[in-house]
Amino acid sequence: MNAEPSAADALARLQQVLSGLHGSGAAVAVSGGIDSLTLSAAAHVSLGAAVVMHHATSPAVPEEATGRTRALAHARGWRLAIFDAGEFADADYRANPVNRCFFCKTSLYGSIVKRLGATGVTVLSGTNTDDLGDYRPGLQAARLHGVRHPFVEAGIDKATVRRIARLLGLGTLAELPSAPCLSSRIETGIAIEPATLALVHDVERTVTRRLRPATVRCRVRAEGMVVELDAPSLEALPAGRSDLLREIEAMARRAGELRPVRFAPYRTGSAFLTAR
């Protein structure tokens, strides 16, 4: 198999990190995104039966992510555990503070550690070096639970993760767009409710079906619901945008969401408000 040298070299560095876990075993926290799926594939090659993938389901996790994880685990013979991490039982998480991700990851890693018991198994995440430049309160939860980040240890960024995914034969999954959890669509300070997340997901699927955009995010803000699209998709919307807008408004009303709806350009993390 031909591969870009940088991908082959990076995979070799990653396998060196993973090979050190043969004695203790490993548990990969797999969300269904490209980072954790690629780490799972690499860990399975390096560790075989000594690694178990752990996927948490919740109203914040799109069913497509769970489906991808199940399908790849079945196709590749991974050991896979699917469970509810219980973050929706945490009032701090549901309140959606600026550090919401800390409470989410605390539930996730705490659940994995509890499931593992006193086995000495190391928990791994798909965090890559690009993630280190952002505000990531989930990394604090990882430190508290002794979670390791093999991509970071091997000096691997997001673009290289995708190249490794191609090298490992993950096909079109290597191009999987970034897709943070559905709770990231809710503006900081607005409570996280399962029904709202279901609406957000339904709106994004509807817009995807109608427009085939490169990027779509349905944000719930204090001012209203904002459907963000990549620039070419936004420009391609028919004048007035009335049919699609009315459809989204009807979906929102059925879900009890009465905020006004509008379209806007996509901005990364635009529902996140920093602490003032």
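As a starting point, this report considers the structure included with it. As the structure is a prediction and not an experimental result, all values here were calculated from the model.

### With respect to the overall build of the protein
- Of regular secondary structure, the protein possesses 11 helices and seven strands.
- What you see for the protein is a C-alpha radius of gyration of 19 Å, in line with the 19 Å of a compact globule of 276 residues.
- For the protein, buried positions account for 49% of its 276 residues.
- The long-range fraction of contacts in the protein, counting pairs at least 24 apart against all pairs at least 6 apart in sequence, stands at 72%.
- Just so you have it, the protein exposes about 13,000 Å², and 53% of that area is on carbon and sulfur atoms.
- Computed over 33 positive and 27 negative side-chain charges, the inter-centroid distance for the protein is 2 Å.

### Some remarks on the packing of aromatic side chains
- Tallying each qualifying case throughout the model produces two aromatic pairs.
- With 5.3 Å between their ring centres and 65° between their planes, F88 and Y93 make a pair best called edge-to-face. For the pair F88 and Y93, one class covers both residues: buried.
- With a centroid separation of 5.3 Å and an interplanar angle of 80°, the aromatic rings of F102 and F103 are classed as edge-to-face.

### Quick look at helix 8 (residues 158–167)
- Burial of helix 8 is extensive: seven of the 10 residues sit out of reach of the surface.
- Taken together, the buried positions of helix 8 are occupied by K158, T160, V161, R162, I164, A165 and L167.
- Where helix 8 ends, the next residue or the one after it, G169, has phi of about 80°, a positive value.

### Structural notes on the packing of helix 5 (residues 100–116) against helix 6 (residues 137–144)
- At their nearest, the axes of helix 5 and helix 6 sit 7 Å apart, and the two run at 30° to each other. You can see that helix 5 and helix 6 cross each other, and the crossing is right-handed. Counting all contacts with helix 5, which are made through C101, F102, K105, T106 and Y109, the residues of helix 6 involved are P137, G138, Q140, A141, A142 and L144.
- For the contact of helix 5 with helix 6, a count of residues per class yields seven nonpolar, three polar and one charged.

### A few points about the nonpolar core
- The biggest cluster of nonpolar side chains holds 42 residues, and the ones touching the most others in it are Y109, I112, V203, M225, V227, I248 and F263.
- Contributing elements (two or more residues each) for this core: strand 1 (26–29), helix 5, helix 6, helix 9 (194–211), strand 5 (216–221), strand 6 (224–229), helix 11 (242–254) and strand 7 (261–265).
- With six residues, the single largest contributor to this core is helix 5.
- Once residues lying within four places of it in the same chain are set aside, the contact partners of M225 are L199, V203, C218, R219, V220, I248, A252, E257, R259, P260, V261 and R262.
- Of all hydrophobic cores here, the second largest spans 35 residues; its members include A10, L14, L37 and I164.

What counts and what doesn't
- Residues numbered from 1 in each chain as written.
- Predicted model: local features only at pLDDT ≥ 70, side-chain atom pairs only at ≥ 80, totals over all residues.
- Heavy atoms only, no water.
- Helix = DSSP H or I, 4+ residues; strand = E, 2+ residues; numbered from the N terminus.
- Rg over C-alpha atoms; globule rule 2.2 N^0.38 Å.
- Buried < 20%, exposed > 50% of the residue type's maximum accessible area, 1.4 Å probe, protein only.
- Contact = heavy atoms within 4.5 Å.
- Areas by Shrake-Rupley, 256 points an atom, 1.4 Å probe, with all protein chains shown as cover.
- Lys, Arg positive; Asp, Glu negative; His and termini not counted.
- Charge placed at Lys NZ, Arg CZ, Asp CG, Glu CD.
- Phe/Tyr/Trp six-rings, centres within 6.5 Å; stacked < 30°, edge-to-face > 60°.
- Axes fitted to C-alpha atoms, helices over the stretch in contact; angles between N-to-C directions.
- Left-handed = near helix turned anticlockwise from the far one by under 90°.
- Nonpolar A, V, L, I, M, F, W, Y, C, P; charged D, E, K, R; others polar.
- Core = buried A, V, L, I, M, F, W, Y, C linked by side-chain atoms within 4.5 Å.

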